[in-house]
Amino acid sequence: MNGASGWLCAVLLLGMVALCLLLPATTRRRRWAGALLGLLSLLLMLVEVLLPLVSWTAQAVFWVLAAVTIGAAVAAISMTKPVYTAVWFGLSLLGTASLLLFDGAQFLSIATVAVYAGAILVTFLFVIMLAQPEGRAVYDRITWRWYSKAAAALVAAILMGILTLALDRFARTEVPWAPALEQLDVLHPAHMARFGGELFSKHLLSIEVAGALLLVALVGAISIMIQSGRSPGAPPERMEP
Amino acid sequence: MNAGHEVALLHNYLLVGGLLFAIGLVGFLVRRNLIVLFLCAEMMLQGISVSLVAWARYVDDWGGQILVLFIIVVAACEAAIAMTLILALARRSNKLDMLAWQDLREANVAAYVDREVPEERAPSATWPTLPPAGVQPPVDEQAQLYRNHV
């Protein structure tokens, strides 16, 4: 075992324990301990597991964006109130959008903010407000059986460990093929024009299908709502928490 | 811009994408609120998007970015349908709990029963109130139905 995989094991172990301490059915003190451990493992991962970028500015920007994205994602799955979950998920989405922008996908970054944070997240918030009268339900404060948190965190750690080891072998030995370094087409200044040109020439049929899919989803959502209103289990006047 | 930088960028983005996927997976397996489950599924999709964009840059091909665009489209459709279904389910059972639908389990699996439900903490904030003065107004029954928490 060399140094890199030793650091990787430490990071994964720390992250696993932190997730177990953070996930619901936990006390405030355990949650603080989990947050500290999580921060430590995140820091170790940024410094030791990730590869250094070309300049320190790029490095700093990437570290901040990655830390915000991952931290907000962990906070989203560990909050007991669903509204807080949605808000933290929104922060994680902003981090993801910034990561996409940093990697040269301008259109997708804007689309992520507009569609995910603007439309999907607001739909989630609407449904939370409509369906859950008090945000303090029992089932948000507990999980499944006692081992569910540890088992899920272990699965995630094994997944990440395998992926990282496979990647390390790829990245630290040799470059399988050299990317076109002089002028990456994906990073061309006329990004939107190139993207649109590709989209509406090569993928025209897919765009049509996607539009049809959106329409079908719209009609389906409305018809499900109408059908469920007619069902024998009529909606009660006021929902119990 | 050099080859090492591109490889390092791809490596780091793939790891961040994988972490997002893994965190979403943990949330999906552990949480019980239907809405939170769908948020976790969206988080997994975000992880995939980050990886695809990183590959698109490394291979210098638009395919990855276009696939991410279609992921966003499908996620929007999925969110619309899923939210409608969740709302219909919540109307029937008055809960957003996955456990309310455990009748759908296999015939040979025992029913799951909750144990050791923790005490609910008292609300942390006490809101300021005005001292009562003047004539007692008539009670508005409509206002009694409003919730004081979200």
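Attention in this report is confined to the structure presented alongside it. Nothing here was measured: the structure is a model prediction, and the numbers come from that model.

Often, the extent of an interface is quoted as the loss of accessible area on bringing the components together. Counting residues at the interface gives 93 residues for chain B and 114 residues for chain A. For the pairing of chain B and chain A, the buried interface totals around 9800 Å² over both sides, and the portion due to carbon and sulfur atoms is 75%. Where chain B packs against chain A, one counts one salt bridge. One salt bridge in this structure joins Asp103(A) and Arg57(B), with 3.6 Å as the shortest N-O distance. The tally of links from chain B across to chain A stands at seven residue pairs in polar contact (both at pLDDT 80 or more). Counting only elements with at least two residues in the side of chain B that touches chain A, the list comes to α1 (3–30), α2 (34–59) and α3 (63–93) of chain B. Counting residues per element, the side of chain B that touches chain A draws most heavily on α1(B), which supplies 24 residues. Across the side of chain B that touches chain A, the residue classes break down as 62 nonpolar, 14 polar and 17 charged.

Looking now at the pattern of salt bridges. Taken as a whole, this structure holds three salt bridges over all chains when the rule is applied. Note that Glu198(A) is salt-bridged to Lys202(A), the shortest N-O span being 3.5 Å.

Attention now goes to the packing of aromatic side chains. Evaluated as defined, the whole model comprises five aromatic pairs over all chains. With 5.5 Å between their ring centres and 65 degrees between their planes, Trp144(A) and Tyr112(B) make a pair best called edge-to-face. Separated into two different chains, Trp144(A) in the loop between α6 (138–141) and α7 (148–173) and Tyr112(B) in the loop between α3 and α4 (141–144) make up a pair that spans both. Residue classification places Trp144(A) among the partly exposed residues on the basis of a relative accessible area of 25%. Judged by relative accessible area, Tyr112(B) falls into the buried class, the value being 12%. Geometrically, the ring pair formed by Trp55(B) and Tyr58(B) is edge-to-face, given 6.1 Å between the ring centres and 75 degrees between the ring planes. Note that Trp55(B) and Tyr58(B) are positioned in helix α2 at a spacing of three residues, about one turn of the helix. According to the relative accessible area criterion, Trp55(B) is partly exposed, its value standing at 32%. Grouped by ring-pair contacts, the aromatic residues Phe107(A), Phe195(A) and Trp62(B) constitute a single cluster.

What counts, and at which threshold
Numbers given for residues are sequential positions, taken from 1 along each chain in its written order. Chain labels run from A onward and ligand labels from 1 onward, assigned in the order the entries are written. The predicted origin of the model limits local features to residues at a pLDDT of at least 70 and limits the giving and counting of side-chain atom pairs to 80 or more, whereas totals for whole chains, interfaces and linings rest on all residues. Think of the side-chain values as coming from all heavy atoms in the structure, minus any hydrogens and water. Here, two residues are considered to be in contact whenever any of their heavy atoms come within 4.5 Å of each other. Buried area: the sum, over both parts, of the accessible surface (1.4 Å probe) that disappears when the two are put together. What makes a salt bridge here is a side-chain nitrogen of Lys or Arg within 4 Å of a carboxyl oxygen of Asp or Glu, nothing more. N or O atoms closer than or at 3.5 Å make up a polar contact, with two conditions inside protein: a donor-capable atom paired with an acceptor-capable one, and, for residues adjacent in sequence, both atoms drawn from side chains. For helices the rule is a DSSP run of H or I covering at least 4 residues; for strands it is a run of E covering at least 2, with both sets numbered from the N terminus onward. Residues are grouped as follows: Ala, Val, Leu, Ile, Met, Phe, Trp, Tyr, Cys and Pro are nonpolar; Asp, Glu, Lys and Arg are charged; every other residue, Gly included, is polar. By convention, a stacked pair of Phe, Tyr or Trp rings (six-membered ring in the case of Trp) has centres within 6.5 Å and planes under 30 degrees apart, an edge-to-face pair has planes over 60 apart, and any other such pair is tilted. Using a 1.4 Å probe on the protein chains alone, a residue whose accessible area is under 20% of its type maximum counts as buried, one over 50% counts as exposed, and one in between counts as partly exposed.

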